[in-house]
Amino acid sequence: MMVLQQPLSLLAVPPLESGDRLTRAEFERRYRVTPEPFKAELIEGVVYVASPVRNLHGNPHFNLITWLGVYSAATPGVSGADNTTTRLDLDNEPQPDALLRIETGGTSSISADGYVEGAPELVAEIATSSAALDFGAKMNAYRRNGVQEYLIWDTFENRLSWYQLQNEEFVVMEPDTEGIIGSQVFPGLWLEVPALLSGDMMAVLNGLQRGIADPSHQVFLERLAQQRPND
């Protein structure tokens, strides 16, 4: 009696589990059939499945997105994304808590199937239960793939670290005497670090407005306008 084999596409797809070592193609195949809500990342070829999100992560995440979203709204040619799958390379497909990218002429693009491909100029992560990963393997993957600025907010320690890529290494950017760090890639993206850490979002947004009003931001807007394709 001849036994008919099922096509591979009809066979049960194994679930994604932390510690699995997979190719990016296999990671995406399993992810596509995983019911929502679910979050997993592929970092250096290893699967990491996220834990349920507590307010210790969710509220800082919300505030960080608010800050970046206001900057993006004031900067045509720059767009952001929240918790979006990013194809960095064949072994790394993270979902950064937030990212900011230059739409035309930048270091990333949007694929035909709607994913971010390449290294966004700025990536931000909220490090709660994921601190070891965010400061370890994930940080190395971002560095190696050319992410220009990497911001980590460690909510257990309530400490923010903003790194800039210099000579292929991440170097910490220090606040000025007013507690402000300004992006080197996105002129006008100013962050009042003490205000963010204390939850004073009005002060954070007021500081950002000062950055947006700085002449360097206007110069950046003109450069972005020149890079955009003509309608």
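Residues numbered from 1 in each chain as written. Predicted model: local features only at pLDDT ≥ 70, side-chain atom pairs only at ≥ 80, totals over all residues. Heavy atoms only, no water.

**Quick word on the overall build of the protein**
- Assigned secondary structure in the protein consists of 7 helices and 13 strands.
- The C-alpha atoms of the protein give a radius of gyration of 19 Å, which matches the 17 Å a tight globule of 231 residues would have.
- Each principal axis of the C-alpha distribution contributes one length, and for the protein these read about 80 × 45 × 30 Å.
- Residues counted as buried form 46% of the 231 residues belonging to the protein.
- Taking as baseline every contact in the protein between residues at least 6 positions apart, the subset at least 24 positions apart corresponds to 56%.
- For the protein, the computed accessible surface area is about 12,000 Å², with 54% contributed by carbon and sulfur atoms. (Helix = DSSP H or I, 4+ residues; strand = E, 2+ residues; numbered from the N terminus. Rg over C-alpha atoms; globule rule 2.2 N^0.38 Å. Buried < 20%, exposed > 50% of the residue type's maximum accessible area, 1.4 Å probe, protein only. Contact = heavy atoms within 4.5 Å. Areas by Shrake-Rupley, 256 points an atom, 1.4 Å probe, with all protein chains shown as cover.)

**A look at helix H6 (residues 201-213)**
- Compared with the 18 Å implied by 1.5 Å per residue over 13 residues, the 18 Å span of H6 between its first and last C-alpha is a close match.
- When we look at burial in H6, the residues that qualify are Met-201, Ala-203, Val-204, Gly-207, Leu-208, Gly-211 and Ile-212.
- On its buried face, H6 sits against helix H2 (55-73), strand E13 (190-192), helix H5 (193-198) and helix H7 (215-227). (Expected span 1.5 Å × (residues − 1).)

**Some words on the pairing of strand E8 (residues 122-127)**
- In terms of burial, E8 is largely enclosed, as 6 of its 6 residues are buried.
- Direction of pairing for strand E5 (residues 98-102) relative to E8: antiparallel, over a ladder of 3 bridges. Residue pairing in the sheet places Leu-100 in a bridge with Leu-122 of E8. (Pairing = 2+ DSSP bridges.)

**Examining the packing of aromatic side chains**
- Summed over all chains, the structure comprises 9 aromatic pairs.
- The interplanar angle of 45 degrees and the centroid separation of 6.1 Å between the aromatic rings of Tyr-163 and Phe-170 together place this pair among those described as tilted.
- Counting every residue linked through ring pairs, the aromatic cluster contains Tyr-142, Tyr-150, Tyr-163 and Phe-170. (Phe/Tyr/Trp six-rings, centres within 6.5 Å; stacked < 30°, edge-to-face > 60°.)

**Re the side chain of Thr-86**
- By the element assignment, Thr-86 lies in strand E4 (residues 86-87).
- At a separation of 3.0 Å, a polar atom in the side chain of Thr-86 contacts the main-chain carbonyl oxygen of Thr-84.
- Discounting chain neighbours no more than four positions away, the residues touching Thr-86 are Asn-92, Glu-93, Pro-94, Pro-96, Leu-99, Val-116, Gly-118 and Pro-120. (Polar contact = N/O pair within 3.5 Å; in protein donor to acceptor, adjacent residues only side chain to side chain.)

**Section: the sheet that holds E5**
- The strand order E3-E5-E8-E9-E10-E11 describes an open sheet built from 6 strands, whose pairing is mixed. Both edges of this open sheet fall to strand E3 (78-82) and strand E11 (169-172), since each of them pairs with a single strand only. Pairs of neighbouring strands in the sheet enclose a mean axial angle of 20 degrees, with direction left out of account.
- Together, E3, E5, E8, strand E9 (149-154) and strand E10 (159-166) form the strand contacts of H2, whose direction differs from that of E3 by roughly 165 degrees.
- Of the strands in this sheet, E8, E9, E10 and E11 are in contact with helix H4 (residues 137-144), which crosses E11 at around 110 degrees. (Axes fitted to C-alpha atoms, helices over the stretch in contact; angles between N-to-C directions.)

**What about the sheet that holds strand E6 (residues 108-110)?**
- On the basis of which strands lie adjacent, the open sheet formed by 3 strands has the order E4-E7-E6 and mixed pairing. Looking at strand neighbours, the two that pair on one side only are E4 and E6, the edges of this open sheet.
- The sheet contact formed by E6 and strand E7 (residues 116-118) spans 3 bridges and is antiparallel. Bridging across to E7, Ser-109 finds its partner in Glu-117.

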